[in-house]
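These are the residues of each chain, in order.
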Amino acid sequence: MITARAAATFEPVGRSVATARGFVRDTLQGWGLDDLIDDAVVLTSELVTNAVIHAGTSAEVHCLRDAKGVRIEVADRHPERGLPVADAVRGYVDTDSEGGRGLMLCAALSSRWGVEYTAVDKRVWFRLDEPELPVGTRSAGPVLPVEKLPTAETPPRVAVIQVDSSHTITAWNDDARHLFGYPAEQVSGKPLPDLAAWPLTPGTGTGIAEALSLSRWEGSYGLRAADGRIVPVYASHLRIRDTSGEPSTVCLLVPEHERAILQAGGRRPGHGGTPRDPLQRGAAPDTLEDLIGTPVPDDLDGLLQRTVERARDMLDGDAAFLLLATDDETELEVRASTGLPSTRQRFARVPVETGSGRYGSARMPAVHEDVAAAPGAVPLLSGTGMHAVVTVPLKVEGRLTGSLGVASETPGRYTNEEALRLQFAADRVALAVESARLTELERLRRGSLSFLVEASELLAGTLDPRQTLALMAQMSVPTLATWCAVYTTTEPGTEPVLSYVLHEDEDRIDGIRHLLERVAPPDPDASLGVRTWNEPAEAARRKIPLRSSLRSLTLGDLNGMGSGNTVIGQATAAAVGGETVILPLLARNRVIGLLVLGKPTDEHFRQETLELAEDLSRRAALALDNARLYSERTAISQSLQRSLLPPGLPSIEGVEVEVVYQPAGEGNEVGGDFYDVFPIRDGVYGLAIGDVCGTGPLAAAVTGLARHALRLLGREGLGGPAVLERLNTAILDEGARSRFLTLLYGELSAKADGGAELKMVCAGHPLPLRLRQDGSVEPAADPQPLLGVMDDLRLHEQTVTLDPGDVLLCVTDGVTERREGTRMLGDDGLAEILKTCTGLNAGAVAAKIKRAVERFASAPLSDDMAILTLRVPE
């Protein structure tokens, strides 16, 4: 009787084979038939390949479950293409034939199988029965001697964590608190991925979020404990739903070394009692699938992890590890391990041929009865308690690509026989590993290019040195490192100054900053290049006295500190305890700073990450140097601009004076507008407001010449026309450096009976406007030629009497030429605004004019604006 059904159709394309394998795996896993998955996936893969590749038609896969097992049918639309059924039954297939091997697998692995033909399709089916088990059990293992049983703490602790559909923690048992140090109330409501240290390489598609979304998952990763340590765990995830249909995931976790408590058992003997596990002692895997199992992981880290686990099981070892060679084959990089601390040496590098700590068993198989007698032979195992080890090379076309090793706690455990078996397995996996490694490198290169493009855009988007430092750190953490620090130098030969610190956990930032402030800064010598820096880790181990803020210390840190003694917190020590590297920030052939990247305890950088960090440091150094130059230029421009304006306005008895000055742009160009009010003699004051053509240093030179010349000539007792004529000559004497200048110059004096008298010359400048008490507005002067154009300049002076309550408004063309599309404010628009200022004092008039000009257009000011107002009080 059929108790469950599942079906799917797959298109006639190559990728359908992998999709079909996943469909069968997920279906059988959902039905709880884990013991049948491997065989079912292998057979389905072969039959679907026959359908979509060889027959060239779509494939229908039907899974039928009954009380004894499962029947899987694969149908294609090419019934005319016959199958060599008789040969498969006899166990013979022509080696020159493209077909028949899948049928031999059916005959070897299935309980029963067959082929059915109809007018429209051909259907190959096979049946897998669940193995006989002792009554009441679903899985069973052999009887083992007591000394062979796995060890565990007493009592064993199994952390039970439940997360909802958004991966947020909703349940946290007491064993989880004991293992990781967090009380339930501290982690409840937080995403579990925030605590996880996922073992896969950044940039790959699979992560803990994907694992939590699967119906069932089992494997290793790490969890960050409350003290900052990464606790290696073995986990079993099961996705469930409550009575209302809401999904959640239950996670069971034990320490990695106690994985036997949760780990599902290996495959058991097959039908008829014949051993079918190719990894049992005395057998060697014939194919990659025999070693790795099916489906073969399509990502490098998954493939490597599966390889070391199966290699360990094949030789009945306590630990296994796999290292990959660098491009030049001079070093080996640790990429996967099992039975060892999960992050102990990840991405650590050891030399292959020469030097201290070299890896002495890379190019040939080697058996070490006890590595304690030769500790340098396998540096990865130093201090792990392992003794016997067998290592073999991974080679592709004679080229060293890596090394695979299996270790045991028992000395003398392995012989040449085990080395040959392991070498046979390594030969089967080497090509797949190299292919996956090249695929990963290509993916990482594409990711690196995208990262650098984004980094360049962000760094180019600011010219603020402080923001550039922040961007540099934020792009480094956590993409490249767990924490980073940026040192800057002001001048060549000066000591670097700690300028910015960042950690992926903000609670660690203060502690790391205080630690680095107590450590001598790195040497900024550019010739040292990229290098490791051990001082922070050594200082943390020494626990030197340190002023730590409460924010940087965990509760455990505080409990561990004696009264009156403040030392580096354990969390800070763990944060800086891994590999730390220094990258010089080079710009214009000099070191302008140092980028320091760090990892927590026992973690190392991989070479691809360091190369990407070097590319980032070059871009960041250029951006920082540009930002510094821009800031220096802005500071110089602003200082020069201030020097071209008067330090203050004199107090004139009987007259209110107010000035508003607002330069346009970002402040890095010196404007051409200027103003001045200064005493000439007792009771008489000179006033000027002008605009030099253009901006920048040349305009600033003419501005400075004009303002200071006006003061000197005015105090010599010369009248307005004579002052401007001499200034015109001085400007023309500048030759090619001269600039046109519009200028309103006058001499102001208060009258004894009230009011004020102003003698003015308006040389090409916007005309001053007079506001009377009745609200009428009129020009207060006539236009005359501007300065810096003609040699023979003839100007005349005009006198204006300001009555009590009158206002005189003088502006530069940044006011009158304010535009919004095709509209311009102009003299008439300014006059209309001034008419609304009756009764206001000089300061209020200037402020109202400024607001009106700004609101006239939505765009920022495109020209400098100077507003000078005079008012005679009533």
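Residues numbered from 1 in each chain as written. Predicted model: local features only at pLDDT ≥ 70, side-chain atom pairs only at ≥ 80, totals over all residues. Heavy atoms only, no water.

*Asks:* Is there a simple way to explain the packing of helix 11 (residues 465-476) against helix 16 (residues 607-643) in this structure?
*Replies:* Any two packed helices are characterised by how steeply their axes cross, that is the angle between the axes, and by the distance between the axes. Packing of helix 11 against helix 16 brings their axes to within 8 Å, and their N-to-C directions diverge by 165°. The pairing of helix 11 with helix 16 is recorded here as roughly antiparallel in orientation. For helix 11 against helix 16, the interelement crossing comes out right-handed. Between helix 11 and helix 16, the contacting residues are Pro 465, Thr 468, Leu 469, Met 472, Met 475 and Ser 476 on the first element and Leu 616, Ala 620, Ala 623, Leu 624, Ala 627, Arg 628 and Ser 631 on the second. (Axes fitted to C-alpha atoms, helices over the stretch in contact; angles between N-to-C directions. Helix = DSSP H or I, 4+ residues; strand = E, 2+ residues; numbered from the N terminus. Parallel < 35°, antiparallel > 145°, perpendicular 65-115°, else oblique. Left-handed = near helix turned anticlockwise from the far one by under 90°. Contact = heavy atoms within 4.5 Å.)

*Asks:* Would you mind going over the sheet that holds strand 29 (residues 777-779) with me for this structure?
*Replies:* Working definition: the strands of a sheet are paired by backbone hydrogen bonds and lie parallel or antiparallel to each other. With antiparallel pairing, the 5 strands of this open sheet are ordered in space as 23-34-31-28-29. A single partner strand is all that each edge strand has here, and the edge strands are strand 23 (656-662) and strand 29. Put simply, the sheet's adjacent strands are angled 20° from each other on average, direction ignored. By the bridge criterion, 3 bridges tie strand 28 (residues 769-771) to strand 31 (residues 807-811) in an arrangement that is antiparallel. In the sheet register, Leu 769 faces strand 31, and the bridge partner there is Leu 809. (Pairing = 2+ DSSP bridges.)

*Asks:* Teacher, can you tell me more about the sheet that holds strand 5 (residues 122-129) here?
*Replies:* The 5 strands lie next to each other as 1-2-3-5-4, forming an open sheet whose pairing is antiparallel. Whereas interior strands pair on both sides, the edge strands pair on one side only; in this sheet they are strand 1 (4-10) and strand 4 (112-117). Taking the axes of each pair of neighbouring strands and ignoring which way they run, one obtains an average angle of 15° across the sheet. The pairing of strand 1 with strand 2 (residues 59-65) spans 7 bridges and is antiparallel. Its bridge partner being in strand 2, Ala 8 is matched across the sheet by Val 61.

*Asks:* How should I be thinking about the pattern of salt bridges in this particular structure?
*Replies:* Throughout the structure, instances matching the rule amount to 38 salt bridges. With a closest N to O distance of 2.9 Å, Glu 778 and Arg 772 form a salt bridge. Judged by its relative accessible area of 31%, Glu 778 falls in the partly exposed class. A salt bridge links Glu 854 to Lys 850; its shortest N-O distance comes to 2.9 Å. In this pair, Glu 854 and Lys 850 both sit in helix 21 (residues 842-856), 4 residues apart, roughly one turn of the helix. (Salt bridge = Lys/Arg side-chain N within 4 Å of Asp/Glu carboxyl O. Buried < 20%, exposed > 50% of the residue type's maximum accessible area, 1.4 Å probe, protein only.)

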